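Descriptive analysis of the structure
Residues per chain, in single letters:
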Amino acid sequence: MLRDALKDCDYRLILIGFSTCGFNMSIIESHLYSQYISCGIGNSVASLTLTVYGIATMVGAVLSGYLGTRWKMKNVLGAAYAMRIVISLGFLLVPKTAPFAFTATAMLGLCGDATVPPTSGIISRRFGAEKMAVLYGFALIGHQIGAFLSSFLGGIFVKNGMGYAPLWITNLCLAAVAACVSFMIREKTGESA
């Protein structure tokens, strides 16, 4: 089953995109609080932004699932990754103030788990519900490898005095790749327009 799926170009595109998703998510979970503190944002405000992130993540996942019933799931997926490009640019170019922190963290939440419904939906429609658990689980391994790399590299960048900018530049590039490969996925005919 997995061997056959790996021969499928579209499944490989999903794997590429989802591994970049892990990279993005780990920035939030491992480095975002510390970055806000290093920019002079207070502990309580930095903590509160993560609450906003959690709420926005739920909203984003539900909205993504809904949009996947209206439009092609690959387009919903590509748009979620493209949103990360804009957010990464914000972290590189906009001063880190409390209003920025709340806005950026909410946007990170909206596109955070928004990749899960279309990713699982595309896999399920393409390969069938009976293969979904194994194939999504394998995609999740790539996601976790991306998360490890993000946590690890972020620590190295900060430890060596480079700050968080190289991490956001890397995230921007990976999000651009993920958006491109997601829009390239060929969905089965008969799916949402």
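A brief report on the enclosed structure follows.

About the cut-offs
- Residues numbered from 1 in each chain as written.
- Predicted model: local features only at pLDDT ≥ 70, side-chain atom pairs only at ≥ 80, totals over all residues.
- Heavy atoms only, no water.
- Core = buried A, V, L, I, M, F, W, Y, C linked by side-chain atoms within 4.5 Å.
- Buried < 20%, exposed > 50% of the residue type's maximum accessible area, 1.4 Å probe, protein only.
- Helix = DSSP H or I, 4+ residues; strand = E, 2+ residues; numbered from the N terminus.
- Contact = heavy atoms within 4.5 Å.
- Expected span 1.5 Å × (residues − 1).
- Bend = angle between axes of the 7 residues up to and from the residue.
- Polar contact = N/O pair within 3.5 Å; in protein donor to acceptor, adjacent residues only side chain to side chain.
- Axes fitted to C-alpha atoms, helices over the stretch in contact; angles between N-to-C directions.
- Parallel < 35°, antiparallel > 145°, perpendicular 65-115°, else oblique.
- Left-handed = near helix turned anticlockwise from the far one by under 90°.
- Nonpolar A, V, L, I, M, F, W, Y, C, P; charged D, E, K, R; others polar.
- Salt bridge = Lys/Arg side-chain N within 4 Å of Asp/Glu carboxyl O.

Bringing the nonpolar core into the picture now. Membership of the largest hydrophobic core comes to 41 residues, with the highest contact counts inside it found for Tyr36, Phe91, Leu108 and Ile123. Within the residue set of this core, elements represented by two or more residues are helix H2 (9-38), helix H3 (43-70), helix H4 (73-93), helix H5 (98-112), helix H6 (116-127), helix H7 (129-159) and helix H8 (165-184). Among the elements that take part in this core, H2 stands out by supplying twelve residues, more than any other. Every residue in contact with tyrosine 36, bar those within four places of it in the chain, is listed here: Ile41, Ala46, Thr49, Phe91, Ala101, Ala104 and Thr105.

Relative to the 44 Å expected for 30 residues at 1.5 Å per residue, H2 spans 42 Å between its end C-alpha atoms, a close match to the ideal helical length. Taken as a whole, H2 carries its principal kink of about 60 degrees at histidine 31. Two to three positions downstream of the cap, the backbone nitrogen of aspartate 10 sits 2.9 Å from a side-chain oxygen, assigning the N-cap of H2 to aspartate 8. Remark: glycine 40 follows H2 within two positions and exhibits a positive phi of approximately 90 degrees.

Geometrically, a packed helix pair is captured by the angle between its two axes and the distance between the axes. Here H2 crosses H8 at 150 degrees, and the two axes come no closer than 9 Å. As far as their axial angle goes, H8 and H2 are roughly antiparallel. Handedness of the crossing formed by H2 with H8: left-handed. Packed against H2, whose contacting residues are Asp10, Leu13, Ile16, Gly17, Thr20, Phe23, Asn24, Ile27, His31, Leu32 and Gln35, the element H8 presents Leu167, Trp168, Thr170, Asn171, Leu174, Val177, Ala178, Val181 and Met184 at the interface. Residue composition of the contact of H2 with H8, grouped by class: twelve nonpolar, seven polar and one charged.

With that out of the way, let us pick up the pattern of salt bridges. Within the structure shown, the criterion is met by three salt bridges. A salt bridge links arginine 126 to aspartate 10; the shortest N-O distance between them is 2.7 Å. Here arginine 126, found in helix H6, pairs with aspartate 10, found in helix H2; they are 116 residues apart in sequence, far enough to count as distant. Measuring nitrogen to oxygen at the nearest pair gives 3.0 Å for the salt bridge that ties arginine 186 to aspartate 10. Residue arginine 186 is located in the segment after H8, and its partner aspartate 10 is located in helix H2; the two are separated by 176 residues in the primary sequence. A relative accessible area of 1% places aspartate 10 in the buried class. Here the salt bridges share partners, and the residues they tie into one network are Asp8, Asp10, Arg126 and Arg186.

Relative to the 28 Å expected for 20 residues at 1.5 Å per residue, H8 spans 29 Å between its end C-alpha atoms, a close match to the ideal helical length. Of the positions making up H8, those classed as buried are Pro166, Leu167, Trp168, Asn171, Leu172, Ala175, Ala178, Ala179, Val181 and Ser182. For H8, the elements touching its buried residues are H2, H4, H5 and H7.

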